[in-house]
Amino acid sequence: MLLTQGRPILRLATAPDGARIAEIYLAAVRQAMPWLNLAHSDQEIRHWIPQGMLPQHEVWVVERADGVRGFIALSRDRSWVDHLYVEPEAQGRGHGGALLELAKERSAGCRQLWAFQRNTWAQAFYERRGFRPLEFGDGATNEEREPAVLCRWDGPD
């Protein structure tokens, strides 16, 4: 794999990426949302990502010379961002923004996502990139039972 002048590349995830993606997910969730009561054990998450998420989503990774640093999982119809995580040590370097821009480019004109209401950092990240809050939920419909906000991006202005 070639890296252009040491810059990260975006590529579709492959089955061997599953274990690394699971570790990024667990580290990023624990760092950003230590208050979140995960609905599944670490072992279940490590099993589900390669066996469930990868086959059921369009998953892209951001990779540097030292390996995969983040990922985004899109719904098959490309209207939803279901997961976007960058490992804590690689945050603030544009990886999440690059993945989100890729999702916008591949969208059918809009993108939607849910973010937890207490994760104000993520909400600000999405709002800076054109997503607007549409609906606030009490958490009754998500596995974590955590209040969330539905955000939407409607394409270029």
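About the cut-offs
Residues numbered from 1 in each chain as written. Predicted model: local features only at pLDDT ≥ 70, side-chain atom pairs only at ≥ 80, totals over all residues. Heavy atoms only, no water. Core = buried A, V, L, I, M, F, W, Y, C linked by side-chain atoms within 4.5 Å. Buried < 20%, exposed > 50% of the residue type's maximum accessible area, 1.4 Å probe, protein only. Helix = DSSP H or I, 4+ residues; strand = E, 2+ residues; numbered from the N terminus. Phe/Tyr/Trp six-rings, centres within 6.5 Å; stacked < 30°, edge-to-face > 60°. Polar contact = N/O pair within 3.5 Å; in protein donor to acceptor, adjacent residues only side chain to side chain. Contact = heavy atoms within 4.5 Å.

Draft legend 1. Molecular detail of the nonpolar core. Counting 22 residues, the largest nonpolar core has Ile 21, Tyr 25, Ile 49, Met 53, Val 59, Phe 71 and Tyr 85 as the members making the most contacts within it. Taken together, the elements giving at least two residues each to this core come down to helix 1 (18-32), helix 2 (42-56), strand 2 (58-64) and strand 3 (67-74). In terms of residue count, the dominant contributor to this core is helix 1 (seven residues). Judged by nonpolar contacts, the second largest core, of 19 residues, contains Trp 60, Ala 103, Ala 122 and Phe 125.

Draft legend 2. Quick peek at the packing of aromatic side chains. Evaluated as defined, the whole model comprises six aromatic pairs. Plain terms: the ring middles of Phe 71 and Tyr 85 are 5.9 Å apart, the flat faces sit at 40° to each other, and that makes the pair tilted. Linking Phe 71 in strand 3 with Tyr 85 in strand 4 (residues 81-86), this pair joins segments that are 14 residues apart in sequence. The exposure class assigned to Phe 71 is buried, which follows from its relative accessible area of 0%. Measuring from ring centre to ring centre gives 5.2 Å for Phe 125 and Tyr 126, while their planes differ by 75°; the resulting arrangement is edge-to-face. An identical accessibility class is assigned to Phe 125 and Tyr 126; each is buried. Members of the aromatic cluster, joined through ring pairs, are Trp 121, Phe 125, Tyr 126 and Phe 131.

Draft legend 3. The arrangement of the side chain of Ser 107 in detail. Take Ser 107: it is sitting in the loop between helix 3 (95-105) and strand 5 (111-116). Ser 107 sits in the buried class, given a relative accessible area of 17%. Among the polar contacts listed, one links the side chain of Ser 107 to the backbone oxygen of Lys 104, at a separation of 2.9 Å. Sequence-distant contacts of Ser 107, that is, excluding residues within four places in its chain, are made with Arg 78 and Trp 153.

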